[in-house]
Amino acid sequence: MSGAEWDRLADSGEMSSPWRLWGPYLAARQWGTVREDYSNNGDAWSYFTFEQARTRAYRWGEDGIAGICDRHGFLNLAVAMWNGVDDIIKERYFGLTNGEGNHGEDVKEYWWVLDGTPTHSYMKVLYRYPQQKFPYQQLRDMAQQAGRDEREPELADTGVLADNRFFDVEVTYAKAGPDDICVDITATNRGPDPAPLHLLPQLWFRNTWSWGRDARRPALIASTAKGWTRVVAEHSLIGRYTLHASGNPTMLVTDNETDEISLFGRGRNPSRYTKAGIDDLLVRGDPDACQVVEPGTASQPGTKAAAWYHFDSIAPGESRSVQLRLIAGNGHGRAFGRTFRTTMGQRRKEADDFYAGLTDPGRPAETAVTRRALAGLLWTKQIYRFRLRHWLEGDPANPPSPPERARPGARNRHWRHLDVADVISMPDEWEYPWFAAWDLAFHMVPFAAVDPAFAKDQLLLLCREWMMHPDGQLPAYEWEFGDVNPPVHAWAALQVYRAEERRTGQGDRVFLARVFHKLLLNFSWWVNRKDPEGNYLFEGGFLGMDNIGPVNRSEVLGEGWRFEQSDATSWMATYALHLMRMALELARHDEAYEDVATKFVEHFLSIAQVSSRFGSAARGIWDEQDGFCYDLVSRTHGDGSVESMPVRVRSMVGLIPLLASAVLEPWVFTELPHFAARLNYLLHHQPEFGQFISWQTGPDDSKRALLSLLDEDKLRRVLARMFDEAEFLSPHGIRSMSAAHRDGLTVEVAGQHHWVGYEPGESRTPMFGGNSNWRGPVWLPTNALLVQALHTIDSFHGAGFTVELPTGSAREVTLGSAARELSRRLAGLFLPGPDGRRPSDGKRIEAHDSPLWTEHVTFSEYFDGDTGEGLGATHQTGWTALVAVLLTGWPDPKRTW
């Protein structure tokens, strides 16, 4: 790869590199997060609400619209606006809390990431702002009136966007240098009538001085004179920055301080001006709410400032633009001269050149989806600050933490070591503004194509001592760091390693070894904590698949019953194979790793044996009667006998065993003789292991082997269900629950009867807050894993193994062809069909005939199992960005494990 952006990446291998200093690291939502929750009941949504966000300073971060900040999260720049009729200025996205939505929390705004490069030298975001009063209460009322069987009400359903009565506010960032950022904000009236608009780009410091831990206070000073308007920002760590504003806006200055009087009824505020000062001046007409800088003067120091542009009337179709330039130091003598225009054009061209090397120009529709997916993925990066011991104890300047935080079982009390201040890839900009372990692992696969250094750094970051628990557990997410996500970290590390090897000809073995050493601890944690009976059948809880079961698998079952999970067991078999492959790769250059590789092949074979035949009560996860894998519920009686029964729900938990497959290529047996000898010893002395290994001998007597949790007969039976259109195969991918359960079924779990059924769309159960559904929809991450597993098995069998696709069609295809067909169906979610519509748009306004909507792709959390409509979170270009990998073709499976 070559070009200006690749050159910048080559110089930016460290996350502290200059070109990485500024980026889209500002969160889209900080309110309602666990970080900001200091309640005594753990109700984060109620403790810090959307309404309070305008007047109350955040403790751990900031949020804004289409905003950026430095990688430390100190200085922030974002766009605010006011249409002249709203009750508050629009400076953050609005959405319903978990308890307010009929399907959990949900953002109620429209915006799209249009473009972006890995060093954030070029970024573009479009926000759609209604011209009429924003219907905050109406959206709440609609959601409260809607039941779980009804669709989520969205902003377009209120009628406020009828006749295109909105402004499209496009924000473009282009770096003239690492700390010299040109900004263009263009608002276009899409409606039929003239409309007013106030644009209020804001610059502010995160409040770090109000908590009694650091008294240093940064300062902003705004000034105006003939020919220029600027804000000088001074901070003890990042130094001085100057923000230039084009034209002659009115400069407004306030403080990022809580309004203690209006919010909590206290007698005084810590500062004369508070966080809501600019809002109070514009909307409430309070002339004393903030400083208004007169021409030719300068403000007193503050910590939040806005450049106020007031357009009395913007005609239909007309656009108005303002420019900003944020520069380290004392600024630029001609901030908006030739260099500004040149930078904007040059960075756009460099972005075009960058993506031209990643996509096929002969396939414009696919190229557009790939570029949008990757741009959205790059925008997922946010600064995440959280020092758990301070959060648990409380701050010196605040009341002590509630005693409930110290009680047994209190949220995150055993994670006191966690101390994060890093830029991390988030699952969704608004709905999930916090990292999640398995989400992040999936993110890194498409990240490896555009920013391999960042991908490696992220995977290492979660394994560092300030994040990984001392006992080896990886942190799940802030709602409960001790929850358990599927162990896909090793898989992701291998994908990143191989991606760099393909691009440069040499994989980063130091990276691979660093991850491998930490994952040895994590694997031991799984074995010691999640296999309590020591029988190679694993527990794990919800394992990221939330409400897939008839009961909450994270909760303790009564009367001594326990879950032995098909997916947890299969994930661990897969994990063992991935660690084996990592060890084998490292052993090619250091024979000390060869012994470790044998440990993991033995562990895999032990899990495979138990899964197939033995385990609790002589029962494994494989069910011969149904030809499928199921969870088990088991208990041990006082006489030592074990009672066990399957939970006969056909769901994704029974397809995860397909992932436990790996091919040993001839180099393993020629370069690593000790590993080969140990494998032969195992098969000689424990011949029952042989059913999980298939062999091939080449014309030169070279040997290849396929290790698989499912032998050929079991594999065919599971695939017959997976490719059955009446069960798992939908027009848009593999469903997470079999459609054979459309009418529902009642199953017995630990002596209790529970009903569960196929739900192709939004969740109908309040389990996990009702905001996740694994009971039928198509999920990109597990589908992508299945695609790769099919490629892996096909790389061994080739034409010697075919299946019907779809089942019952008499159309025989290889597993490689099946993988490509599945990829085509998944990618087709985002591409226009024969009717010109994208299946993922469904019945939402994005399916509207107007190009104002159809040109924008929405990357949803998951997709309806029947129609393909996008559901759940609406900016999930974290793992949904895997579509970019599917569109560009999954790499050679012989080189990707």
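Please refer to the structure higher up on the page.
Residues numbered from 1 in each chain as written. Predicted model: local features only at pLDDT ≥ 70, side-chain atom pairs only at ≥ 80, totals over all residues. Heavy atoms only, no water.

A. Inspection of the sheet that holds strand S17 (residues 319-328) at higher detail. Strand order in the open sheet formed by eight strands is S6-S7-S8-S9-S17-S13-S12-S11, with antiparallel pairing between adjacent strands. At either margin of the open sheet sits one strand with a lone partner, and together these are strand S6 (110-116) and strand S11 (219-225). Ignoring strand direction, the axes of neighbouring strands in this sheet form an average angle of 15°. Alignment of strand S13 (residues 239-245) against S17, held across five bridges, turns out to be antiparallel. By the bridge assignment for S17, Tyr 241 is matched with Ala 328. Together, S6, strand S7 (122-130), strand S8 (166-177), strand S9 (180-189) and S17 form the strand contacts of helix H7 (residues 338-356), whose direction differs from that of S8 by roughly 90°. (Pairing = 2+ DSSP bridges. Helix = DSSP H or I, 4+ residues; strand = E, 2+ residues; numbered from the N terminus. Axes fitted to C-alpha atoms, helices over the stretch in contact; angles between N-to-C directions. Contact = heavy atoms within 4.5 Å.)

B. Structural detail: the pattern of salt bridges. If you walk through the whole model with that rule in mind, you get 74 salt bridges. Across the salt bridge formed by Asp 115 and Arg 371, the nearest N and O atoms sit 2.7 Å from each other. Residue Asp 115 is located in strand S6, and its partner Arg 371 is located in helix H8 (residues 364-378); the two are separated by 256 residues in the primary sequence. For Asp 115, a relative accessible area of 2% puts it in the buried group. A relative accessible area of 15% places Arg 371 in the buried class. Note that Arg 704 is salt-bridged to Glu 665, the shortest N-O span being 3.0 Å. (Salt bridge = Lys/Arg side-chain N within 4 Å of Asp/Glu carboxyl O. Buried < 20%, exposed > 50% of the residue type's maximum accessible area, 1.4 Å probe, protein only.)

C. The environment of Ala 884, seen in detail. Within the element layout of this structure, Ala 884 appears in helix H22 (residues 882-888). Along the sequence, Ala 884 and Tyr 25 sit 859 residues apart, while their C-alpha atoms lie 22 Å from each other. For Ala 884, the contacting residues outside a window of four places in its chain are Thr 370, Ala 373 and Leu 374.

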